[in-house]
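Report on the structure
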Amino acid sequence: MENTSITEQDREFMREAIRLANESVKNGGGPFGAVIVKDGEIVAGSANSVTTDNDPTAHAEVNTIRKACRKLGTFDLSGCVIYTSCEPCPMCLGAIYWAHIDRIYYGNTKKDAAEIDFADDFIYRELDKQIGERSVPFIPLLRNESIHTFQMWREKEDKTEY
């Protein structure tokens, strides 16, 4: 693991993520906020809006990734850093990896989130289970038909890889 020293600027970016989380709670949203930084400047910031948008994917990190991608005109956020008021849930962690964000700074832990009844830790445990042991049934269906699309992708010469 890379040795990283935390700067006062890092603290300020985290304080902005925390401010967004606090504002979200005051406005009826969830207690999470995030900012994405590139070259020492905030590119995007957002809070959790699951309940206000009726969207279970509207977590602070996902909302912020979407804003940053729109602003920068790319789906690849290499060179960016995310500051999030809580350790990312599995969905957000996946989104951060898909976006190629270089580094994650977080405030609260997934254990802290579990203590206020957020299911992050439960989902992390579910991911460690074999498919047949998970609480939601996973049922394979029509793989022989759906694999054709993957074959098309493999053979497509002008695709944009991600």
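Predicted model, so just to flag it, every value in this text is computed and none were measured. (Residues numbered from 1 in each chain as written. Predicted model: local features only at pLDDT ≥ 70, side-chain atom pairs only at ≥ 80, totals over all residues. Heavy atoms only, no water.)

This paragraph deals with the overall build of the protein chain. Across its full length, the protein chain carries 7 helices and 4 strands. Helices and strands appear in the protein chain in the N-to-C order α-β-β-α-α-β-α-β-α-α-α. With the C-alpha coordinates aligned to their principal axes, the bounding extent of the protein chain is approximately 55 × 40 × 35 Å. Looking at the 162 residues of the protein chain, the share that counts as buried comes to 34%. In the protein chain, the proportion of contacts linking residues at least 24 apart, taken out of those at least 6 apart, comes to 48%. Accessible surface for the protein chain amounts to roughly 11000 Å². Of this, 53% is attributable to carbon and sulfur atoms. (Helix = DSSP H or I, 4+ residues; strand = E, 2+ residues; numbered from the N terminus. Buried < 20%, exposed > 50% of the residue type's maximum accessible area, 1.4 Å probe, protein only. Contact = heavy atoms within 4.5 Å. Areas by Shrake-Rupley, 256 points an atom, 1.4 Å probe, with all protein chains shown as cover.)

Looking now at the environment of Ile82. With respect to the secondary-structure elements, Ile82 resides in strand β3 (residues 80–86). A sequence separation of 38 residues divides Ile82 from Ala44, and the C-alpha atoms of the two residues are 9.6 Å apart.

What follows covers the packing of aromatic side chains. If you walk through the whole model with that rule in mind, you get 6 aromatic pairs. Arranged with centres 5.3 Å apart and planes meeting at 55°, the rings of Phe13 and Tyr83 form a pair that is tilted. Here Tyr83 lies in strand β3 and Phe13 lies in helix α1 (residues 8–26), a separation of 70 residues in the sequence. By the burial criterion, Phe13 is buried, and Tyr83 matches it. The structure contains a cluster of three or more aromatic residues connected by ring pairs, namely Phe75, Trp98, Trp153 and Tyr162. Against the face of Tyr124 rests Lys110, its NZ or CZ located 4.1 Å from the ring centre. Its guanidinium or amino end placed over the ring of Phe138, Arg134 lies 4.9 Å from that ring's centre, counting from NZ or CZ. (Phe/Tyr/Trp six-rings, centres within 6.5 Å; stacked < 30°, edge-to-face > 60°. Lys NZ or Arg CZ within 6 Å of the ring centre and 35° of its normal.)

A side chain with one charge can pair with a side chain of the opposite charge if their charged atoms come near. This structure, assessed with the given rule, holds 9 salt bridges. Linking Arg11 and Glu8 is a salt bridge whose minimum nitrogen-to-oxygen distance equals 3.8 Å. Here Arg11 pairs with Glu8, and both are found in helix α1, just 3 residues apart, close to one helical turn. Given the relative accessible area of 38%, Arg11 is considered partly exposed. Residue classification places Glu8 among the partly exposed residues on the basis of a relative accessible area of 45%. Three or more residues joined by partner-sharing salt bridges are found here, namely Glu8, Arg11, Glu12 and Arg15. (Salt bridge = Lys/Arg side-chain N within 4 Å of Asp/Glu carboxyl O.)

With that settled, consider the pairing of strand β1 (residues 33–38). Both faces of the sheet carry side chains from a regular strand, because those side chains alternate between them. Counting buried residues along β1, 5 of its 6 residues qualify, which places the element largely inside the surrounding structure. The pairing of β1 with strand β2 (residues 41–47) spans 6 bridges and is classified as antiparallel. Following the sheet pairing, Lys38 is matched in β2 by Glu41. Between β1 and β2, which pair antiparallel and follow one another directly, the connecting turn spans 2 residues, one of which, Asp39, has a positive phi of 55°. Sheet topology places β1 next to β3; 5 bridges connect them, and they run antiparallel. Looking at the pairing, Ala34 lines up with Thr84 of β3. (Pairing = 2+ DSSP bridges.)

Looking at helix α4 (residues 90–98), one finds that the buried residues are Pro90, Cys92, Ala95 and Ile96. In this structure, the buried residues of α4 make contact with α3 (60–72), β3, β4 (103–108) and α6 (120–128). One or two residues past the end of α4 sits His100, with phi positive at roughly 65°.

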